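So the chains spell out like this:
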Amino acid sequence: MLAALGKSGSETELTLLHEPTLPESAWSYAKECLDTKWVSSAGAFVTDFENQLAKTCSVKHAIAVVNGTTALQVCFSLAGVQQGTEVLLPGLSFVATANAVCHAGGVPHFIDIDKQRNGMSPEALSRRLDEVAEIQNGICFNRETGRPIVAVCPMHCLGTPCDMHGLLSVAKQWGIALIEDAAEALGSTHCGQHLGTFGVCSALSFNGNKLLTTGGGGAILTDEDKLAERARHLTSTAKIPHKWESIHDEIGWNFRMPNLNAAIGLAQLEILDELIAAKRLLHERYRKSLSGLSQFVLHEEPKDSQSNYWLNCVEFVGCDLEERDSVMELLARKKLQCRPFWKPLHQLPMFENCPRGSLQVTDAKYENCILLPSSPVLAIDIQPTHSI
Ligand SMILES: *Cc1c(COP(=O)(O)O)cnc(C)c1O
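Residues numbered from 1 in each chain as written. Predicted model: local features only at pLDDT ≥ 70, side-chain atom pairs only at ≥ 80, totals over all residues. Heavy atoms only, no water.

K.L.:
What is the right way to read the sheet that holds strand 15 (residues 339–340) from this model?
P.N.:
Picture the strands of a sheet paired through backbone hydrogen bonds; they go either parallel or antiparallel. Ordered in space as 12-14-16-15, the 4 strands form an open sheet in which the pairing is antiparallel. Two strands close off the open sheet at either side, each with one partner strand: strand 12 (296–298) and strand 15. Alignment of strand 12 against strand 14 (residues 312–316), held across 3 bridges, turns out to be antiparallel. Counterpart to V297 in the pairing with strand 14 is E315. Each of strand 12, strand 14 and strand 16 (369–372) touches helix 9 (residues 272–290); the most contacted strand, strand 12, lies at about 160° to it. (Pairing = 2+ DSSP bridges. Helix = DSSP H or I, 4+ residues; strand = E, 2+ residues; numbered from the N terminus. Contact = heavy atoms within 4.5 Å. Axes fitted to C-alpha atoms, helices over the stretch in contact; angles between N-to-C directions.)

K.L.:
Where do I start with the site of the ligand in this structure?
P.N.:
If you check the shell around the ligand, you find 16 residues, and the closest are G68, T69, E184, S205 and K210. Within the backbone of G68, an N or O atom sits 2.8 Å from an oxygen atom of the ligand. A distance of 2.8 Å is found between a nitrogen atom of the ligand and a side-chain nitrogen or oxygen belonging to D181. For the ligand, the accessible surface in isolation is 380 Å², of which the surrounding protein chains cover 93%. Mapped onto the shell around the ligand, the elements with two or more residues apiece are helix 3 (68–78) and helix 4 (95–103). For the shell around the ligand, the element with the highest residue contribution is helix 3, accounting for 3 residues. Here the shell around the ligand is composed, by residue class, of 5 nonpolar, 8 polar and 3 charged. (Near = heavy atom within 4 Å. Polar contact = N/O pair within 3.5 Å; in protein donor to acceptor, adjacent residues only side chain to side chain. Areas by Shrake-Rupley, 256 points an atom, 1.4 Å probe, with all protein chains shown as cover. Nonpolar A, V, L, I, M, F, W, Y, C, P; charged D, E, K, R; others polar.)

K.L.:
I would appreciate a short explanation of unusual backbone geometry in the present structure.
P.N.:
Trans is the prevailing form of peptide bonds, just as negative phi is the prevailing case for residues other than glycine. Even without being glycine, N137 reaches a positive phi, approximately 50°. On the basis of relative accessibility, which here comes to 81%, the residue N137 falls in the exposed class. Phi at Y309 takes a positive value of approximately 45°, unusual for a residue other than glycine. Position of Y309 relative to the elements: it lies in the loop between strand 13 (305–306) and strand 14. Y309 gets classed as buried once you look at its relative accessible area, which sits at 5%. (Buried < 20%, exposed > 50% of the residue type's maximum accessible area, 1.4 Å probe, protein only.)

K.L.:
Teacher, can you tell me more about helix 6 (residues 164–174) here?
P.N.:
An α-helical turn contains 3.6 residues, so a residue and the one three or four places further along point in the same direction. Residues M164, G166, L167, V170, A171 and W174 constitute the buried set of helix 6. In a view along the axis of helix 6, the buried residues occupy a sector of 165°, so they form one face of it. Tucked into the core, helix 6 has its buried residues touching helix 5 (122–132), strand 4 (133–136), strand 5 (139–142), strand 6 (149–152), strand 7 (177–181) and strand 8 (189–190). Taken from the residues just after helix 6, G175 is the one with a positive phi, measuring 70°. (Arc of directions from axis to C-beta.)

Shown next, in the form of structure tokens:
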């Protein structure tokens, strides 16, 4: 593993799980914001970033916001999530996915993941709906709780695409809106189509540890003009355009991404292909160095998909928490910053009473997997020696 990273093991410096890659242009774009004083939530970089992002993902609209959690919250609200409704989520995700459902007023309902992709399993989804759901007047209800199930939100885990066609078909059968948590999946494709373009709308994150970072940031993607217009209106305090009047026609949010953040994001978006090439190269090195070790399984992209390999994941099939933690301990001693998966959502105190199906695979993955250092800089050197 150390060889894959070009290290001997005697280094004193920590190899981080994921650090940003900032090209030279990040400094000049940021300086332009400072020089012109356009640092806040209006400015040309926001529009440029949104346009470039939409083009990159082959989607009609991208709306930049302050983080991925708010992007998800807006998506849920647009899909009709409100007090007394349920949203189907994978048991394994970063806490933000479930938090955003609650911020929109809804209740998370957890579904198991599949073994290969670590994303929501279409079979588990279908099984659970057969078990608890029924359609009344065209609306899907949970018979056990009496609440309507209005949305399903698969998450593309570590950049690996979920089985989107399987999930879409189940969602359609039950009349449920599909929203993608594509926070980790910028640049990944499934059957040649960009992630974040399968659902009615989707959320990206540009947090500091993601493939592309704006410091903090996120985006909503959608092909639907009406949804995009609503998202723009709601995320910018629901202000009615006017030359001088400040009039707002509903209770909106102040979620717009500031120009300074968009400037840094745009610089990285311009080198996204290089960043992804670096990720794929690093994955290849891990694959070579771990091949032949049958007790470790390095997670690979499925044949129908291209992963951005945001984080590489190695699985120790059948190990328990104690064994996992002893490997974590060893890796920490080698100065490699590794992480287990997030604690499954249904095991967190605030979600332990939420409805759920069987979460056997979710629980096993939490115990068996370790996420490996995956910064693009570990494979290729893009970072400049800047001078401003
Ligand atoms: C990063 C992330 C988010 C959003 O996070 P923010 O920090 O709010 O940008 C949401 N879901 C998943 C799965 C994530 O990894």
